[in-house]
Amino acid sequence: MLKLEHIGIAVNDLSTSVPLFEKLLNSQCYKREEVESEKVTTAFFRAGECKIELLESTDAGGVISKYIGKKGEGLHHIAFEVSDIKAEMKRLVAEGYVLLNEEPKKGADNKLVVFLHPKSAGGVLVELCQEIK
Ligand code: ZN
């Protein structure tokens, strides 16, 4: 793992949460992006070396809607940057971690992403991401 790349936060409504986090971080949201495959709209902020990714559901049946329905708004996942996502996936599976997707998929922010099942990672939803070059 190269570094903690971002922290994902599930929100009901970007129109209230974006200004809230802009004030909190004292920095402007620099990118919004819809990820159709995940049924979310994301909004990104810089916080030093790390980013904050807000996630708003675009679909009542989407994963973020379901998550908020169960747990409410708040911390959703942490994402680590890796240099070789396939090699990391192989390493983690060999160590007994469970992947939520078998193949890396295209996520927000020009990244290939894969998620680990929280049950195999101490109750934390962990994302691995690799910049698409
Ligand atoms: Zn993420």
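Our structure is the block above this text.
The shown structure was predicted, so the numbers you read here are calculated from the model rather than taken from an experiment. (Residues numbered from 1 in each chain as written. Predicted model: local features only at pLDDT ≥ 70, side-chain atom pairs only at ≥ 80, totals over all residues. Heavy atoms only, no water.)

1. Here's the deal with the overall build of the protein
Turning to step 1, where the next piece is worked out: Check the secondary structure of the protein and you find three helices and eight strands.
Turning to step 2, where the next piece is worked out: When the helices and strands of the protein are listed from N to C terminus, the series reads β-α-β-β-β-α-β-α-β-β-β.
Turning to step 3, where the next piece is worked out: Over its C-alpha trace the protein gives a radius of gyration of 14 Å, about what one expects of a compact globule, namely 14 Å for 133 residues.
Turning to step 4, where the next piece is worked out: Each principal axis of the C-alpha distribution contributes one length, and for the protein these read about 40 × 30 × 25 Å.
Turning to step 5, where the next piece is worked out: Expressed as a percentage of its 133 residues, the buried residues of the protein come to 44%.
Turning to step 6, where the next piece is worked out: Once local pairs closer than 6 in sequence are excluded, the contacts in the protein between residues at least 24 apart make up 53%.
Turning to step 7, where the next piece is worked out: For the protein, the accessible area works out to roughly 7500 Å², and carbon and sulfur atoms hold 53% of it.
Turning to step 8, where the next piece is worked out: Of the side-chain charges in the protein, 18 are positive and 21 negative, and the distance between the mean point of each set is 2 Å. (Helix = DSSP H or I, 4+ residues; strand = E, 2+ residues; numbered from the N terminus. Rg over C-alpha atoms; globule rule 2.2 N^0.38 Å. Buried < 20%, exposed > 50% of the residue type's maximum accessible area, 1.4 Å probe, protein only. Contact = heavy atoms within 4.5 Å. Areas by Shrake-Rupley, 256 points an atom, 1.4 Å probe, with all protein chains shown as cover. Lys, Arg positive; Asp, Glu negative; His and termini not counted. Charge placed at Lys NZ, Arg CZ, Asp CG, Glu CD.)

2. Some details on the pairing of strand S4 (residues 50-57)
Turning to step 1, where the next piece is worked out: The element S4 is largely enclosed, with a buried count of eight among its eight residues.
Turning to step 2, where the next piece is worked out: The pairing of strand S1 (residues 3-11) with S4 spans six bridges and is classified as parallel. Within S4, the position partnered with Ile9 by the bridge is Leu54.
Turning to step 3, where the next piece is worked out: Of the pairings in the sheet, the one linking strand S3 (residues 40-47) to S4 comprises eight bridges and is antiparallel in character. Looking at the pairing, Phe44 lines up with Glu53 of S4.
Turning to step 4, where the next piece is worked out: Hairpin remark: S3 followed by S4, antiparallel, with two residues in the connecting loop; positive phi at Gly48, about 65 degrees. (Pairing = 2+ DSSP bridges.)

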